[in-house]
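# A structural walkthrough
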Amino acid sequence: TILRVLPYAFLAGITLLCVDTFIGYKFRLLIAHGARNAPTKYNRGLEYSVLLAWPVLAHLLRQRRKFAAAGFAAVVLSGVAIGLSSTAKVELMLGVAVIVLVAFLRQRAALVFSAAISVMALLLPFFLRLVEPYRTLVEPYIKDSGVSRLEIWDYMSARVVERPFLGWGLWSSKFVPITPVEMDHYKYVSMHGIYPHNQWLELWVATGLPGALIGALLAIVVLGRIPRTLPADLQPFAYATFASAIAISCFSFEITTDSWWAAIVATGFLFREMGRSTASLAKK
C-alpha cells in the first residue's frame, strides 16, 4: 500500500515545489513565517525524496510498469532540477552511476564499495589537509554554500590532525577552536562555530579514529547485507540508495539529525518488505 501511494505523494510534493518556485516562494505557511532563504527550505525534503525514490522506482520496474516508472522518474528529475539542493543533484548522479557500475561489478559490488567507503572514511580529514592550499582556486566556480563548506572542512580537518586518536569529545564540533590565522582566510565562517556538514568529518572531530572505524564498519555491514538479503533485481537500487545516503552524509546534516535517521529507516523498511514479498512468492 505504501509503495502504491508514494508515487502520488511525490507528485503532490514536487508539484507544490514547482508552483511555489513559479510564484516566488509565497507559501509562507509551509515554512517559518518570514524565514530567510525560503527556497533552501525545500532542500532537506528533496534530498530525502531522492533517497526514497530508489525503492519506489524498483517497485514500479519489477511490476513491469515501465510507463509509470518513466513518469515517476520524470517527476523526481523535475523536482531535483527546479530545486536548489546541489546535494540532491549529486545524489541522483551518483545513484545512476552506481547502478551502471553494479552491472559490471556484479557479485563484487559489495566488496568494491566497502573498500571505497573505508578509504573515504579513514583518509578524508588527511586528504582535506593535502588539498587545502588549492581551496581558493575552486571558490570562484562554486556556490557560496560550497565555499562555506570548504572553509568549515578546512579548520575541522585541522582540528582532527591535532587530536586524531580520541577527538575533541561528543557534540564538540560546534565548539572546537578556530585560530585567528584561519579566520583571516575565511569569508563565511564565524567564531560562533557550526557543525561540519560532513558526518564522517564529524565522527573524526568528536571521537577520533575509533568513531571513524565504527562508522566505516556500519557502512560495510549495510553493504554486505544487500547481496545476502535482497533479490537480484532489487540490489542495484539498494546500492544506489546507499550511494545517495553517502552523498547526504558528506554534504548535509549532523549525525544526530532525527529526520535523517527517519529517512534511512523508511527506505530500509521499503527494501526489506519488498525482499520479504519476493521470498513469500518464491515459497508459494
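So, here's what we can say about the structure. (Residues numbered from 1 in each chain as written. Predicted model: local features only at pLDDT ≥ 70, side-chain atom pairs only at ≥ 80, totals over all residues. Heavy atoms only, no water.)

## Digging into the overall build of the protein
Broken down by element type, the protein carries eleven helices and zero strands. In the protein, the succession of helices and strands from N to C terminus is α-α-α-α-α-α-α-α-α-α-α. Whereas a compact globule of 284 residues would reach a radius of gyration of roughly 19 Å, the protein reaches 20 Å, a difference of no more than 12%. With the C-alpha coordinates of the protein rotated into their principal frame, the extents come out at 65 × 50 × 30 Å. Burial statistics for the protein: of 284 residues in total, 45% are counted as buried. Counted over contacts in the protein with a minimum sequence separation of 6, partners at least 24 positions apart contribute 73%. (Helix = DSSP H or I, 4+ residues; strand = E, 2+ residues; numbered from the N terminus. Rg over C-alpha atoms; globule rule 2.2 N^0.38 Å. Buried < 20%, exposed > 50% of the residue type's maximum accessible area, 1.4 Å probe, protein only. Contact = heavy atoms within 4.5 Å.)

## A look at the nonpolar core
Ranked by size, the top nonpolar core spans 66 residues in total, and within it F10, F72, F113, Y155, W200 and Y239 carry the most contacts. What F72 contacts, discounting residues up to four positions off in sequence, is P7, F10, A53, V56, L57 and L60. Counting seven residues, the second-largest nonpolar core is a separate cluster that includes Y48, L51, A245 and I248. (Core = buried A, V, L, I, M, F, W, Y, C linked by side-chain atoms within 4.5 Å.)

## Quick look at a nonpolar patch on the surface
A surface patch of nonpolar side chains, amounting to about 880 Å² of accessible area, comprises F127, L130, V131, Y134, L137, V138, Y141 and I142. Listing elements by their share of the nonpolar patch, those giving two or more residues are α5 (109-131) and α6 (135-138). Here the element with the most residues in the nonpolar patch is α5; it accounts for three residues. What makes V138 partly exposed here is its relative accessible area of 40%. (Patch = residues over 30% accessible without salt bridge, like charges linked within 9 Å, V, L, I, M, F, W, Y side chains within 5 Å. Areas by Shrake-Rupley, 256 points an atom, 1.4 Å probe, with all protein chains shown as cover. Salt bridge = Lys/Arg side-chain N within 4 Å of Asp/Glu carboxyl O.)

## Topic: the pattern of salt bridges
One pass over the structure, following the stated rule, counts ten salt bridges. A salt bridge links R62 to D233; its shortest N-O distance comes to 3.1 Å. One end of the pair, R62, is in helix α2 (residues 43-62); the other, D233, is in the loop between α9 (199-229) and α10 (235-251), and 171 residues separate them in sequence. By relative accessible area, R62 is classed as partly exposed at 26%. For E182, the salt bridge is made with R159, and the minimal N-O distance between the two is 3.0 Å. Of this pair, E182 sits in helix α8 (residues 180-183) while R159 sits in helix α7 (residues 144-162); the two residues are 23 residues apart in sequence, bridging distant segments of the chain. The residues E182 and R159 share a single accessibility class, namely buried. When salt bridges with common partners are traced through the structure, they connect R129, E132, R135, E139 and D154 into a single cluster.

## Points about unusual backbone geometry
Despite not being glycine, R64 has its phi angle at roughly 60°, a positive value. Along the chain, the position of R64 falls in the loop between α2 and α3 (66-82). Residue classification places R64 among the exposed positions, given a relative accessible area of 72%.

## Digging into the packing of aromatic side chains
Under the defined criterion, the tally for this structure stands at six aromatic pairs. With a centroid separation of 5.0 Å and 75° between ring planes, the pair formed by F10 and F72 is classed as edge-to-face. In this pair, F10 is assigned in helix α1 (residues 2-22) and F72 in helix α3, connecting sequence segments 62 residues apart. Using a relative accessible area of 7% as the deciding quantity, one classes F10 as buried. Aromatic pair F113 and Y239: ring centres 5.4 Å apart, planes at 65°, arrangement edge-to-face. A residue pair is termed long-range when its members are at least 10 positions apart, and F113 in helix α5 and Y239 in helix α10 qualify at 126 residues. The ring of W168 has R163 sitting right over it, with the charged end atom 3.7 Å from the ring centre. (Phe/Tyr/Trp six-rings, centres within 6.5 Å; stacked < 30°, edge-to-face > 60°. Lys NZ or Arg CZ within 6 Å of the ring centre and 35° of its normal.)

## Re the side chain of T241
Relative to the assigned elements, T241 resides in helix α10. Classification of T241 as buried rests on a relative accessible area of 8%. Residues in contact with T241, not counting those within four places in the same chain, are L51, W54, P55, T267 and F271.

## Quick word on the packing of α5 against α9
Contact geometry of α5 with α9 gives a least axis separation of 8 Å together with a crossing angle of 170°. One way to sum up the angle between α5 and α9 is to call them roughly antiparallel. In this structure, α5 uses A110, F113, S114, I117, S118, M120, A121, L122, L124, P125, F126 and L128 to contact α9, whose residues at the interface are W200, L201, W204, L209, A212, L213, A216, A219, I220, L223 and P227. Class assignment of the residues belonging to the contact of α5 with α9 gives a composition of 21 nonpolar, two polar and no charged. (Axes fitted to C-alpha atoms, helices over the stretch in contact; angles between N-to-C directions. Parallel < 35°, antiparallel > 145°, perpendicular 65-115°, else oblique. Nonpolar A, V, L, I, M, F, W, Y, C, P; charged D, E, K, R; others polar.)

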